[in-house]
Amino acid sequence: MNILTVLGARPQFIKAAPVSKALREAGHHEYLVHTGQHYDHAMSQIFFDELGIPQPDVNLGVGSGGHGKQTGAMLMRLEEVILEQRPDWVLVYGDTNSTLAGALAAVKLHVPVAHVEAGLRSFNRTMPEEHNRILTDHCADLLFCPTQTAVNNLAHEGITQGVHLVGDTMYDAVLQFGELARQRSRILETLGLTPKQYLLATVHRPYNTDNPEHLRSIIAAFVECGETVIFPVHPRTRARLAEADVMAMLKDAPQVRLIEPVGYLDMLMLEQHARMILTDSGGMQKEAYFFAVPCLTLRPETEWVETVEAGWNVVVGASKERIVTTLAEHTWPSSAPPAVFGAGQAALQSITILATITQEKRSV
Ligand code: UD1
Ligand code: UDP
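Everything in this summary refers to the structure shown in the same document. Owing to the predicted nature of the structure, the values given are computational and were not obtained by experimental measurement.

1. As for the site of ligand 1
- The full set close to ligand 1 counts 20 residues, and His38, Asn97, Glu129, His204 and Arg236 are the nearest of them.
- With respect to ligand 1, the side chain of Arg236 contributes an N or O atom lying 2.8 Å from an oxygen atom.
- Alone, ligand 1 offers 740 Å² of accessible surface; in the complex the protein occludes 85% of this.
- Elements with a contribution of two residues or more to the shell around ligand 1: helix 3 (67–85), helix 5 (128–139) and helix 11 (235–243).
- In terms of residue class, the shell around ligand 1 is built from 6 nonpolar, 9 polar and 5 charged.

2. Details of the site of ligand 2
- As a structural note, the neighbourhood of ligand 2 is formed by 19 residues, with Arg205, Val262, Ser281, Gly283 and Glu287 the closest of them.
- Between Arg205 and ligand 2, the recorded distance is 2.8 Å, taken from a side-chain N or O atom to an oxygen atom.
- Contact distances for ligand 2 include 2.9 Å between an oxygen atom and a backbone N or O atom of Gly282.
- When ligand 2 is considered free in solution it has 530 Å² of accessible area, and contact with the protein chains removes 96% of it.
- Every element with two or more residues in the shell around ligand 2 is listed here: helix 1 (10–25), helix 13 (264–273) and helix 14 (282–290).
- Among the elements that take part in the shell around ligand 2, helix 14 stands out by supplying 4 residues, more than any other.
- Of the residues contributing to the shell around ligand 2, the split by class is 10 nonpolar, 5 polar and 4 charged.

3. Let's talk about the sheet that holds strand 6 (residues 142–145)
- In space, the 7 strands of this open sheet follow the order 3-2-1-4-5-6-7, with parallel pairing throughout. Of all the strands in the sheet, just strand 3 (58–59) and strand 7 (163–165) have a single pairing partner and so form its edges.
- Examined bridge by bridge, strand 5 (residues 113–116) and strand 6 share 3 bridges and lie parallel to one another. In the strand pairing of strand 6, Ala114 is matched with Leu142.
- Contacts from helix 3 reach strand 1 (2–7), strand 2 (29–34), strand 3 and strand 4 (89–93) within the one sheet, and its direction differs from that of strand 2 by about 165 degrees.
- On the sheet, helix 4 (residues 97–108) packs against strand 1, strand 4 and strand 5 and is oriented at approximately 160 degrees with respect to strand 4.

4. Thoughts on the packing of aromatic side chains
- Across all of its chains, the model carries 8 aromatic pairs by this definition.
- Centre to centre, the rings of Phe177 and Tyr264 are 6.1 Å apart; their planes meet at 80 degrees, and the pair counts as edge-to-face. Highlighted residues: Phe177 in helix 7 (residues 169–184) and Tyr264 in helix 13, separated in sequence by 87 residues.
- Residue classification places Phe177 among the buried positions, given a relative accessible area of 8%.
- Where Phe222 meets Phe231, the ring centres are 5.6 Å apart and the plane angle is 85 degrees; that geometry is what we call edge-to-face.
- You can call Phe222 buried: its relative accessible area is 1%.
- Linked through ring pairs, Tyr171, Tyr289, Phe290, Trp304 and Phe341 together constitute an aromatic cluster.

Conventions we followed
- Residues numbered from 1 in each chain as written.
- Chains lettered and ligands numbered in written order.
- Predicted model: local features only at pLDDT ≥ 70, side-chain atom pairs only at ≥ 80, totals over all residues.
- Heavy atoms only, no water.
- Near = heavy atom within 4 Å.
- Polar contact = N/O pair within 3.5 Å; in protein donor to acceptor, adjacent residues only side chain to side chain.
- Areas by Shrake-Rupley, 256 points an atom, 1.4 Å probe, with all protein chains shown as cover.
- Helix = DSSP H or I, 4+ residues; strand = E, 2+ residues; numbered from the N terminus.
- Nonpolar A, V, L, I, M, F, W, Y, C, P; charged D, E, K, R; others polar.
- Pairing = 2+ DSSP bridges.
- Contact = heavy atoms within 4.5 Å.
- Axes fitted to C-alpha atoms, helices over the stretch in contact; angles between N-to-C directions.
- Phe/Tyr/Trp six-rings, centres within 6.5 Å; stacked < 30°, edge-to-face > 60°.
- Buried < 20%, exposed > 50% of the residue type's maximum accessible area, 1.4 Å probe, protein only.

Written out as structure tokens, the structure is:
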């Protein structure tokens, strides 16, 4: 089976690592296209190195830009690559502009599309990711869902063919790389952290970065809570912090520690030993859940409703008061989070389904 995989942004490298490994182990051919959406070493190459993902066969070098410019440039170049490679499937991940470009380029060329992490919905049409997900799911022939909620979301939009509940490849990744992180990461020692005596925070969604009031409110909460806050800063956020005029606030709060984005192995260590995770990241809400670390979601809603229903995630938005109060007063579950993201076999199940269907098509 010939797969053409489209990757471009940080979370996609992590989602793809277990799938790429399973593909290679089963003897399938994978042609890896990096769109170049993320390009800093700490946003891209570090994940290929740490997770053993093969170097991309081609990097389209698209880089940053407005949605139309970025997605359009990807689309043009992906079309050429797909025509040249003629794969059995184009495989796309998640909900970024790289996902949509891959799905759209393929569907126009009548190449079947498989979508990993299909069916997620925030029901918030102001999010670029929501457009990307909906459009990608409606282009896809095979939809690999991480949760039952995702399957239900697709059914509500009339998509029932080609839908498979396989679990979450990010859970596969945590299981596969947890031990390596324990062996290799020295991040706790480097930052002088004591387990369960710090908060871990990330912020990168336009809802927060592009609204100075939200950004100020979140930073004020980090400062006011008085706890050690480890804050690996996404490059999008770095510039916006200066614009939102929060640097003065941070100067008097050395316990709020802004650091460069970290690699996945360091992140796994930081996550599992944090007292709590505060984030607007989709992936980190799930990872908090996998590690049974309480999570505060710095957004008005979440796609990962299971984590909220289980009591391990509280959606607090960007309100300083809600963040500070929840940090101090919320009671968290005493029992382990229910296993709602599969059994760590999502990658294997997905490629088995892909291979079976490819075989069936060939024998028709
Ligand atoms: C993208 C995804 C988002 C995902 C996030 C993961 C879209 C629409 N958004 O958001 O769903 O959660 O990736 O991290 O696809 N930049 C750098 N260096 C880099 C990459 C980005 O400096 O290596 C800066 C640039 O100023 C760029 C900005 O970050 O303009 C935003 O990057 P972009 O890829 O457009 O969106 P993200 O916010 O990263
Ligand atoms: N991540 C990382 N280093 C960081 C921040 C995030 O390795 O400094 C990992 C995190 O563990 C998760 C993924 O990147 O696996 C989430 O990506 P991100 O938050 O950028 O995107 P989202 O999940 O919101 O789409």
